[in-house]
Structure formats: C-alpha cells, structure tokens
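Close look at the chain arrangement
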Amino acid sequence: MDTIFITGAAGFIGSNLVDRLLAGGKTVVGWDNFSTGRRNFLEGALQNKNFKLVEGDNLDLPALTKAMAGCDTVFHLAANADVRFGLEHPSKDLQQNTVATFNVLEAMRANGIKRIAFSSTGSVYGEAEKIPTPEDAPFPIQTSLYAASKLAGEGMISSYCEGFKFEGYIFRFVSILGERYTHGHVFDFYQQLSEHPDFLKVLGDGTQRKSYLYVQDCVDAMLRVMNSGAAKKARHGVEIYNLGTDEYVQVNDSIRFICAALGLKPKLEYTGGNKGWIGDNPFIFLDTKKIRATGWKTSLTIEQGIIRTLQWLQQNQWVYESRSHK
C-alpha cells in the first residue's frame, strides 16, 4: 500500500485508520462529506505533509473519480450507519451505502485502482441460526435496510473482483467501540445518565446479546489482512473476514459496567421485547477463527472497551453538542 484513499476519513473508524497509516509512513488522501464526520478528528493528520483532505460526497462520481487519482488502495468506510431509524428514510441506505459503493468501484475502475477494503457488518447474517456465525454461514432473511444495503455492496465488490480482476477485502464488523465513538449504546446511555442520573430508559428487555470490538483492534485486523495480500490468491479475488471478539455481553451487562464506572444506581425502565427496534438482532456473535488464524488478537475485553469508550466520552463532551447542532 503506497497511497491510500479513505472514504469516511473524518469518521470514527476512518480517522483512527488515517492516524495509524500516517504513523506508518503512508501517504493518505482522506475523503468525507462531513455529514457525520468531525474535522476535530483529523487535527493531527492535517499537520502531516503526507495527508490530503478532500471534502466531497460519494454520490458525486466525477468529483470522487478526480480525488482518487494517483491512489493505489481504497478503504471504503463511509456509510449511513443509522440502523435504528432506517425505516424513517428508506432511500438513505440505498443511496449512501449501495449506490455510493458502486460509485467508489467505478471511480477505482476509471483510475486503474484494483485494491479495496470494505467495512461491512455482522448484521448481514440477520437472525443467524448458527452461533457463533462463520463467514460461510447461509444468508437468512435480511431484517434491516442497513444490512441489506451493505450486503448489496458486498455483492458488487465481489462482482467487480470477478469481472474486472479487483482485489477485495470485505470486513464484517460487530459494533466498534473506543476513542472518537459518536453513536451507539454507550453514547446514548451516557447521555441519558448525564441528564437524569436516577433513571435509564433501555430499549428492549436488556437481554439482547451483543459482541463489541475496540477500534484499534479493528484497525489492526484490517491492516494485517491487507498487508498479507490474501485476496490475490483467492479463487474469485475476494476474502471475507468477521471482525469481533471471542465473547459477548448482554445489554444489561453493559449497563452494569457503565453505571459502576459512574458510581450510579439508576432505576431501569425497559421498553420490553427481545429487540430494541425493528431490525435489531437480539444475538450477534461472530466466529472469528479466520482472522485469528492470521495471528491477530484483541487487546481489550468488551468490558475494557466499554469503559475506554465511556472515559473518552467523559473527556470529550463536545461530541454531544456538535451532534445536536447538525
């Protein structure tokens, strides 16, 4: 990897990846439309002569194609990650996840770029029957527009790898935690407890079982796989990896970790049912034998990742103010 193009460079995972690549001496072009990305996250990168930031939207194919010129590898991380409210704006997932991925592939093709890493999701497994769920599990009915749009993106990438000899790396994430985290259950719980420490509203019944991964471990895994060049040897030019921990917790466990760290004992108010919202998967736990076979391992447990995230949010209250002003 010589010159790397990153979509969603100002986002949670994207900005952490930017910093890691620059620290490794790489040249990076960051691309973001700042719909959810934060300029603050790129403050350090912007001081580096090997980093260039281009503001633009994945739906603007001519601008995207121009910005990508001269790059060798693409990390496509930009997406609408709003799973919970997907039914309120059904076209957003299609446009920002599926059409945007097509545009990224077309911009790559126009520039002769062959290598792509894609941030997919463990949600594509739907309500999986096999737990922990391996990469080759049969796909069930899709239960969220977000997962359906990501799965469509995966399909296009694999087709471009077959048809245009691209080299594709698809990473199916569990939920990611850590520094620069700006949405998700820790974000929401901490916001509630800051506003009313005596009670906490919990979507579902709290027994939903989830796996989480620390952002630096996520970046480690992606870079390890990309540097291996494994997809070059794959039959269709594509390699798919689950990224997650070898454990899971209940939402109630997360609440316990957070409340203990804050020294609070709020009354819990559950909305009921085994799902927090339509499309919520009550049990996500991915089989990670394939990525672990590369020698990769996690540095933090789920509990440690949750506490690290909480501490970052406590130190960076501005993320709540900036989100409310969007």
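Overview of the structure.

About the criteria used
- Residues numbered from 1 in each chain as written.
- Predicted model: local features only at pLDDT ≥ 70, side-chain atom pairs only at ≥ 80, totals over all residues.
- Heavy atoms only, no water.
- Helix = DSSP H or I, 4+ residues; strand = E, 2+ residues; numbered from the N terminus.
- Rg over C-alpha atoms; globule rule 2.2 N^0.38 Å.
- Buried < 20%, exposed > 50% of the residue type's maximum accessible area, 1.4 Å probe, protein only.
- Contact = heavy atoms within 4.5 Å.
- Lys, Arg positive; Asp, Glu negative; His and termini not counted.
- Charge placed at Lys NZ, Arg CZ, Asp CG, Glu CD.
- Patch = residues over 30% accessible without salt bridge, like charges linked within 9 Å, V, L, I, M, F, W, Y side chains within 5 Å.
- Areas by Shrake-Rupley, 256 points an atom, 1.4 Å probe, with all protein chains shown as cover.
- Salt bridge = Lys/Arg side-chain N within 4 Å of Asp/Glu carboxyl O.
- 1 Å grid on protein atoms, 1.4 Å probe; cavity = no way out; pocket = protein on both sides within 12 Å on 5 of 7 lines; lining within 4 Å.
- Points joined across faces, edges and corners; volume = space filled by probe spheres on them.
- Nonpolar A, V, L, I, M, F, W, Y, C, P; charged D, E, K, R; others polar.
- Axes fitted to C-alpha atoms, helices over the stretch in contact; angles between N-to-C directions.
- Parallel < 35°, antiparallel > 145°, perpendicular 65-115°, else oblique.
- Left-handed = near helix turned anticlockwise from the far one by under 90°.

Here the focus is the overall build of the protein chain. Within the protein chain, the secondary structure is distributed over eleven helices and 13 strands. Taking 326 residues into account, the globule formula puts the C-alpha radius of gyration at 20 Å, and the protein chain, at 19 Å, falls close to it. When the backbone C-alpha atoms are referred to their principal axes, the protein chain occupies close to 55 × 45 × 40 Å. Expressed as a percentage of its 326 residues, the buried residues of the protein chain come to 52%. Residue pairs in contact within the protein chain that sit at least 24 positions apart in sequence constitute 81% of those at least 6 positions apart. If the 35 positive side-chain charges of the protein chain are averaged to one point and the 35 negative ones to another, these points end up 4 Å apart.

On the surface, L87, L145 and I278 cluster together into a nonpolar patch covering about 300 Å² of accessible area. You can see L145 is positioned in helix α4 (residues 145-164).

Turning our eyes to something else, we now look at unusual backbone geometry. Leaving glycine aside, a negative phi is the common case for residues, and trans is the common case for peptide bonds. P132 follows I131 through a cis peptide bond whose omega is -5 degrees. Topologically, P132 is positioned in the loop between β5 (115-121) and α4. Phi is positive for K165, close to 60 degrees, though the residue is something other than glycine. Tracing the backbone through its elements, the reader meets K165 in the loop between α4 and β6 (167-173). Overall, the relative accessible area of 60% leaves K165 in the exposed class. A positive phi is found at R180, a non-glycine position, where the angle reads about 75 degrees. For R180, the position within the fold is in the loop between β7 (175-177) and α5 (185-195).

In this section: empty space enclosed by the protein. Overall, the coordinates contain one cavity of 30 Å³ or more when judged by the stated rule. The volume enclosed by the largest cavity comes to roughly 40 Å³. Every residue lining the largest cavity is listed: G122, Y125, G126, A128, T133, N281, F283, I284, F285 and L286. Each residue belonging to the lining of the largest cavity can be placed in one class, and the counts come to six nonpolar, four polar and no charged.

What follows is about the packing of helix α1 (residues 12-23) against helix α6 (residues 215-228). Running from N to C, α1 and α6 point in directions that differ by 60 degrees, and their axes come no closer than 10 Å. Relative to α6, the element α1 is oriented oblique. Where α1 crosses over α6, the two elements pack in a sense that is right-handed. Contacts from F12, I13, N16, L17, R20 and L21 of α1 reach α6 at V215, Q216, V219, D220, M222 and L223. Taken together, the residues of the contact of α1 with α6 break down into eight nonpolar, two polar and two charged.

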